[in-house]
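# Inside the fold
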Amino acid sequence: MCVRKHFSVWVVWVGALALFASPGAAATIAVNWGGNYMNDDIDLALQKGGFDGSGNPLVHSPVTTGANPYTGGIFYGSQVAAESSSNNKIDANGALVDRFELRSGDQLFLWKQQDFLNGLNTGNAGFESDGKFKLEHVTFYYNARVVVRLGSTYYISNAAIGNDATVTPTALMWYAYNPASSTSTFGATDLTTSVVVGGKISNVKEVGFFTPSSAATRISDVIVQMSAVPEPAAMSLLGLGGLALLRRRR
């Protein structure tokens, strides 16, 4: 009897500790694009990308073979422009860091969870209040918007990202978004409340940004800070402890 009582109390305490410790770990870098990924004197065109029959994005990053391989990691998405267009490319930019140079057509850039950094490539990765999204625009016009994929559904922020500004995704409002059918009609739908729930954006499978065809910009860095969002298991554990105490009292 004494062992049961002590076990019940232990379960309650463990449940309570898990509950109060439930906020996720501090945000860390999940996506960090920006560096010297090619020979200094050769630019590389972006692949056109697009979406397969299941709605998954195709590779948008340059071809990684040949005499001048691209080493910056795979990203996905699409562009409404010819694949060989010199208007949409990664500019080697001499001895400086490489950068996206975008001058023609809608552009969508996505990084998949399988490629997230710092252990966020599995499990429930998402944004909490300390999560950040930053684009460093180096020249020209800017009008980029944050894009996330939660499960099989895409969402796009209603607000554009300012020049060299850092935004907090949980503070943004969002539209439902179907980039496979059109990358430029996000304003046609009403804002949705299904993205930020309990101050968190959970289960992010892809994250990136969109620039419309009216934009002409150079982007030197893409930095996304995310965290491991805790699963709602702590309350269940606390409930188990309560049930154990009730049974003990009876």
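So, a few notes on the structure that sits alongside this text. Note that the structure is predicted; figures quoted are calculated from it, not measured.

Time to look at unusual backbone geometry. Unusually for a residue other than glycine, asparagine 118 sits at a positive phi of about 55 degrees. Assignment of secondary structure puts asparagine 118 in the loop between strand S7 (107–112) and strand S8 (125–126). With a phi angle near 55 degrees, asparagine 203 is a residue other than glycine that sits in the positive phi range. Note that asparagine 203 resides in the loop between strand S14 (191–192) and strand S15 (204–211). On the accessibility criterion, asparagine 203 (33% relative accessible area) is partly exposed.

Quick look at the nonpolar core now. Ranked by internal contacts, the top residues of the largest apolar core, which has 39 residues, are Phe100, Trp111, Phe133, Val207, Phe209, Val222 and Met226. Dropping the residues within four chain positions of it, valine 207 is found in contact with Val31, Phe109, Leu110, Trp111, Phe116, Phe127, Phe133, Val147, Val148, Val224 and Met226. Ranked by size, the runner-up nonpolar core spans ten residues in total, among them Val147, Tyr154, Tyr175 and Tyr177.

One can find serine 213 in the loop between S15 and strand S16 (217–228). Among the residues examined, serine 213 registers a relative accessible area of 48% and is labelled partly exposed. Setting aside residues no more than four positions away along its own chain, serine 213 makes contact with Gly105 and Asp106.

One open sheet holds the eight strands; their spatial order is S3-S4-S7-S15-S10-S11-S13-S14, and the pairing between them is antiparallel. The sheet terminates laterally at strand S3 (58–59) and S14, the two strands that pair on one side only.

Next up on the list: the packing of aromatic side chains. As enumerated under the stated definition, the model contains 13 aromatic pairs in all. Consider the rings of tryptophan 111 and phenylalanine 209, whose centres lie 6.4 Å apart with planes at 25 degrees: the pair is stacked. Note that tryptophan 111 is positioned in strand S7 and phenylalanine 209 in strand S15, a separation of 98 residues in sequence. By relative accessible area, which is 6% here, tryptophan 111 ends up buried. It is lysine 112 that lies over the ring of tyrosine 76; its NZ or CZ is 4.2 Å from the centre.

What counts and how
- Residues numbered from 1 in each chain as written.
- Predicted model: local features only at pLDDT ≥ 70, side-chain atom pairs only at ≥ 80, totals over all residues.
- Heavy atoms only, no water.
- Helix = DSSP H or I, 4+ residues; strand = E, 2+ residues; numbered from the N terminus.
- Buried < 20%, exposed > 50% of the residue type's maximum accessible area, 1.4 Å probe, protein only.
- Core = buried A, V, L, I, M, F, W, Y, C linked by side-chain atoms within 4.5 Å.
- Contact = heavy atoms within 4.5 Å.
- Pairing = 2+ DSSP bridges.
- Phe/Tyr/Trp six-rings, centres within 6.5 Å; stacked < 30°, edge-to-face > 60°.
- Lys NZ or Arg CZ within 6 Å of the ring centre and 35° of its normal.

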